[in-house]
Amino acid sequence: MMKKGIIIKGIGGFYDVKLDDDVLRCNARGKFRKDGIIPMVGDKVEVNTKDAVIETIMPRKNQFRRPLVSNIDYLGIVVSVNNPQPDLLLVDKLMLSAAVNSVESFIIINKIDLAESQAEIEYIKDEYKLSGCTVLYISCRDGTGVDELKNELGSGITVFAGQSGVGKSSLINRLYPCQTREVGDISAKGRRGRHTTRSVELLVMSDKKMIVDTPGFSALGVDLMLPQEVQNYYNEFIPYICECRYLGCMHNKEPDCAVKDAVNRGELPKGRYERYIRIIETIDEERRKQRW
Ligand SMILES: Nc1nc2c(ncn2[C@@H]2O[C@H](COP(=O)(O)OP(=O)(O)O)[C@@H](O)[C@H]2O)c(=O)[nH]1
Ligand SMILES: [Mg+2]
Ligand SMILES: [Zn+2]
């Protein structure tokens, strides 16, 4: 019988495929190898359940090397109130690379138990209120907001990313407590070796929600962008772009720029705009270097 499923784990040439009712350890048809297709965790497949063989791999919506997963639907960008301080430039870069790869992103502000005032967490929400990106508050320590986060996750595959120490592993443990992952400071080289050999796995929760068990999400695609493309991924700029004097305005040094005017009037968040400028200027510098 043919059944649809998803590869949740690869082990020495075999693949664990999650079907509606159970998990089946499968082989892959030799034709994939011949066609140069290597099955990946995240692949949507059709299996012949009688022989436990993967017969078809559906076209991928995206694929990543770090983590080695395909078909990521959601990116949870984790920052912490402090310890470490939020790196919003990294948040913006991750949002951008998610959008380029058709991944929907949302921001998770963790460690709200450490906040001394509401203002300490609200300013991040303000930075992103016009971006279309949902912002959630949680504490992995006391569990605040974890159920809301569970509800926010759609059916599909979620991966978490963010600076080291923001609480990504703690968060995965909260969402999927059955199997605990190491939490704490990364203590140098010993662990790195182990990390590279360890294979990625999809943790299947209820309602077809899946999370990638290892955090990480490479800023794939951003380095391949043209600086003038970047603005297309800033929802908050859309209402203003057509009022800039120049077609193709990058909202940087051009005169009569409606985006810049909106920033100066306080209609658009200044920090988010300034980081946008840093991102396009960095891309521009990188491209110049490559040309030499
Ligand atoms: N106060 C507080 N500490 C937390 C919270 N979540 C995680 N931590 C701590 O932050 C440190 C780093 O967490 P970890 O999950 O390893 O972060 P990762 O590097 O992003 O995976 C650990 O000492 C955690 O106990 C939280 O909500 N509140
Ligand atoms: Mg971790
Ligand atoms: Zn402009």
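Preceding block: the structure.
Owing to the predicted nature of the structure, the values given are computational and were not obtained by experimental measurement. (Residues numbered from 1 in each chain as written. Chains lettered and ligands numbered in written order. Predicted model: local features only at pLDDT ≥ 70, side-chain atom pairs only at ≥ 80, totals over all residues. Heavy atoms only, no water.)

Colleague: Before we move on, could you go through the coordination of the zinc ion (ligand 3) and cite the residues and values that matter?
Modeller: At 2.1 to 2.4 Å from the zinc ion (ligand 3) lie its protein donor atoms, namely Cys244 (SG), Cys249 (SG), His251 (ND1) and Cys257 (SG). If you look at the zinc ion (ligand 3), its four donor atoms make angles of 105 to 117 degrees with each other, and the shape they trace is tetrahedral. Relative accessible area serves as the criterion here: at 2%, cysteine 257 is assigned to the buried category. (Donors = N, O, S within 2.8 Å, 3.2 Å for Na, K, Ca; no water. Tetrahedral: all angles 85-135°; square planar, octahedral: opposite > 155°, others 65-115°. Buried < 20%, exposed > 50% of the residue type's maximum accessible area, 1.4 Å probe, protein only.)

Colleague: Now, about helix H10 (residues 270-291): what can you tell me, with residues and values included?
Modeller: Compared with the 32 Å implied by 1.5 Å per residue over 22 residues, the 32 Å span of H10 between its first and last C-alpha is a close match. Those residues of H10 that fall on the buried side of the exposure criterion are Gly271, Arg272, Tyr273, Arg275, Tyr276, Ile277, Ile279, Ile280 and Ile283. (Helix = DSSP H or I, 4+ residues; strand = E, 2+ residues; numbered from the N terminus. Expected span 1.5 Å × (residues − 1).)

Colleague: Can you lay out the environment of valine 45 for me, pointing to particular residues and giving the numbers?
Modeller: Mapped onto the secondary structure, valine 45 falls in strand E4 (residues 44-48). Taking the C-alpha atoms as reference, valine 45 lies 5.9 Å from methionine 58; in sequence the two are 13 residues apart. Beyond its immediate sequence surroundings of up to four residues, valine 45 is in contact with Lys3, Lys4, Gly5, Ile6, Ile7, Val17, Ile54, Thr56 and Ile57. (Contact = heavy atoms within 4.5 Å.)

Colleague: Please set out the site of ligand 1 residue by residue, giving values where relevant.
Modeller: As a structural note, the neighbourhood of ligand 1 is formed by 17 residues, with Asp113, Cys140, Gly165, Lys168 and Ser170 the closest of them. Contacts to ligand 1 include glycine 167, whose backbone N or O atom sits 3.0 Å from an oxygen atom. At 2.8 Å from an oxygen atom of ligand 1 is found a main-chain nitrogen or oxygen belonging to lysine 168. Protein coverage of the free-state accessible area of ligand 1, which is 580 Å², stands at 84%. For the shell around ligand 1, the residue count by class is four nonpolar, nine polar and four charged. (Near = heavy atom within 4 Å. Polar contact = N/O pair within 3.5 Å; in protein donor to acceptor, adjacent residues only side chain to side chain. Areas by Shrake-Rupley, 256 points an atom, 1.4 Å probe, with all protein chains shown as cover. Nonpolar A, V, L, I, M, F, W, Y, C, P; charged D, E, K, R; others polar.)

Colleague: How would you sum up helix H3 (residues 119-128)? Please name residues and give values.
Modeller: Turning to H3, its buried residues are Ile121, Ile124, Glu127 and Tyr128. Down the axis, H3 shows its buried residues gathered within 115 degrees of arc, on one side only. Where H3 is buried, its residues touch strand E6 (74-80), helix H2 (88-100), strand E7 (104-110), strand E8 (135-137) and H10. (Arc of directions from axis to C-beta.)

Colleague: How would you explain the pairing of E7 if you had to name every residue and give the values?
Modeller: Most of E7 sits out of view: six of its seven residues are buried. Taken together, the seven bridges between E6 and E7 define a ladder with parallel strand orientation. Paired with glycine 76 across the bridge in E7 is phenylalanine 106. Read from E6 through H2 to E7, the crossover connection turns out right-handed. When E7 meets E8, the two strands line up parallel, connected through three bridges. (Pairing = 2+ DSSP bridges. Right-handed = clockwise from strand over helix to strand, strands pointing away.)

Colleague: Requested: an account of unusual backbone geometry, with residues and values cited.
Modeller: A cis amide bond, omega 0 degrees, links arginine 66 with the succeeding residue proline 67. Residue position: proline 67 is located in the loop between strand E5 (53-57) and E6. Of note, the bond from asparagine 83 into proline 84 is cis; its omega dihedral lies within 30 degrees of zero at 0 degrees. Positionally, proline 84 belongs in the loop between E6 and H2. Its identity as a non-glycine residue notwithstanding, alanine 52 has a phi of 55 degrees, on the positive side. Mapping alanine 52 onto the fold places it in the loop between E4 and E5. A residue is classified by how much of its surface remains accessible, and alanine 52, at 17% relative accessible area, is buried. Phi at asparagine 71 takes a positive value of approximately 60 degrees, unusual for a residue other than glycine. Tracing the sequence through the fold places asparagine 71 in the loop between E5 and E6.

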